[in-house]
Amino acid sequence: MTQSMAGRVVTRFGSQVLVEDDQGTVHRCTTRRRLENGVCNDRVQWHRDAQGHAVVTDILPRSNLLERVDPRGTPKSVAANLDQVVVVIAPAPAPNWSLVDRYLAAIERMPARGVILFNKVDLMPAGTPLPPPLAEYRDLGYEVIHASVPHNHGMEVLRATLSTGVSVLVGQSGVGKSSLVKALLPDLEIRIGALSEMGGEGGRHTTTNATLYPLACGGTLIDSPGVRDFTPGPASREALVQGFVELRNLAGECRFQDCSHTVEPGCAVLEAVKAGRISPRRYESYRSLLPG
């Protein structure tokens with residue numbers, strides 16, 4: 001009888017996947033046709049067939065799924081079973097706070113832990129106050145890290161945050177995600193080359209393939225340029241309410257069960273905004289993200 005073994009997907013090469021077993025050894029596997037939607041960090045069962053080929057036989061249930069939207073608006077699965085998503089922003093380009101809120105709402109819905117990383121703090125003139133939204137996020141319970149790669153500022157805090165579980169860095173172009181990844185994975189190009197070699201003939205690794213990398217500090221990082229620059233797709237009103245933690249905590253107190261939290265009488269969210277218990281800026285982000 002063929003022995004079934006546990007593992008997790010490190011990356012995909014077309015119809016082939018690299019699977020890491022529980023001892024840390026990576027195997028090149030094919031997948032059964034019905035399992036071709038397997039993604040990075042999926043937990044899987046696999047075995048060797050009579051010819052000695054490694055075959056993925058089952059994808060285990062996911063705790064969450066990171067999805068991006070392609071140019072045609074179709075959701076595409078990127079990676080599974082994430083513990084935390086680090087949203088990277090910087091003084092320049094100026095943060096798009098509505099996009100940050102959109103990221104956080106998507107992270108809450110996965111669900112996963114959201115972290116804010118304010119990168120390139122060395123670009124801020126001495127004495128310049130930090131952007132007020134950072135304090136709003138901290139008050140909501142999000143960890144906020146200030147970092148500068150050239151000055152090695154905040155990098156130990158970041159490494160400590162990433163030292164357990166599976167993480168990914170996301171954010172707008174130009175905020176320094178590549179520099180952060182290079183600091184966290186200084187041998188990244190060597191690792192990419194080794195994985196591509198394992199992929200074998202036809203196993204060219206594309207720039208959008210999500211790949212799992214162990215970190216020297218502990219924990220693992222899922223990375224690829226396509227992952228770093230992903231943008232969350234649109235969400236329903238109900239999903240947005242779940243994604244805004246301060247709205248989610250109050251929604252049950254509204255007079256109407258299907259309250260949109262925009263115009264209804266007896267809305268606990270509107271009352272909290274008027275009383276200053278909910279940030280007007282965050283509330284406007286919620287309204288701007290509501291489906292038309």
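About the cut-offs
- Residues numbered from 1 in each chain as written.
- Predicted model: local features only at pLDDT ≥ 70, side-chain atom pairs only at ≥ 80, totals over all residues.
- Heavy atoms only, no water.
- UniProt positions renumbered as here; feature names shortened; annotations may be inferred.
- Salt bridge = Lys/Arg side-chain N within 4 Å of Asp/Glu carboxyl O.
- Helix = DSSP H or I, 4+ residues; strand = E, 2+ residues; numbered from the N terminus.
- Buried < 20%, exposed > 50% of the residue type's maximum accessible area, 1.4 Å probe, protein only.
- Pairing = 2+ DSSP bridges.
- Axes fitted to C-alpha atoms, helices over the stretch in contact; angles between N-to-C directions.
- Phe/Tyr/Trp six-rings, centres within 6.5 Å; stacked < 30°, edge-to-face > 60°.

Per an unreviewed UniProt entry, the chain carries the name Small ribosomal subunit biogenesis GTPase RsgA and comes from Ectothiorhodospira marina. Taken directly from UniProt, the Sequence similarities (unreviewed entry) text for the chain runs: "Belongs to the TRAFAC class YlqF/YawG GTPase family. RsgA subfamily." If you open the UniProt record of the chain and go to Subcellular location (unreviewed entry), you find "Cytoplasm".

Attention now goes to the pattern of salt bridges. Counted according to the given criterion, the structure contains 13 salt bridges. Note that Lys177 is salt-bridged to Asp229, the shortest N-O span being 2.9 Å. Taken together, the residues Lys177 in helix α4 (residues 177–184) and Asp229 in the loop between α6 (225–228) and α7 (237–243) connect sequence positions 52 residues apart. Residue Lys177 is classed as buried on the basis of its relative accessible area, which comes to 5%. Relative accessible area serves as the criterion here: at 38%, Asp229 is assigned to the partly exposed category. Here Arg237 ties to Glu238 by a salt bridge, and the two come within 3.6 Å at their closest N and O atoms. According to the relative accessible area criterion, Arg237 is partly exposed, its value standing at 24%. Each of the salt bridges in this network shares a partner with another, and the network as a whole consists of Asp101, Glu136, Glu246, Arg281 and Arg282.

Sheet strands pair by backbone hydrogen bonding; their relative direction is either parallel or antiparallel. If you trace the five strands once around the closed barrel, you get β1-β2-β3-β5-β4, paired in mixed fashion. Each strand axis lies, on average, 55° off the axis of its neighbour in the sheet, ignoring direction. Pairing of strand β4 (residues 43–48) with strand β5 (residues 54–59), which is carried by five bridges, proceeds in the antiparallel orientation. Residue Trp46 lies in a different strand from β5, and its bridge partner there is Val56.

Summed over the entire model, instances satisfying the criterion amount to five aromatic pairs. Their ring planes at 65° and their centres at 5.7 Å tell us that Tyr103 and Phe230 sit as a pair that is edge-to-face. Of this pair, Tyr103 sits in helix α1 (residues 97–109) while Phe230 sits in the loop between α6 and α7, and the two are 127 residues apart along the sequence. Aromatic pair Tyr283 and Tyr286: ring centres 6.2 Å apart, planes at 35°, arrangement tilted. Taken together, the positions of Tyr283 and Tyr286, both in helix α10 (residues 280–289) and three residues apart, correspond to about one turn of that helix. Residue Tyr286 is classed as buried on the basis of its relative accessible area of 0%.

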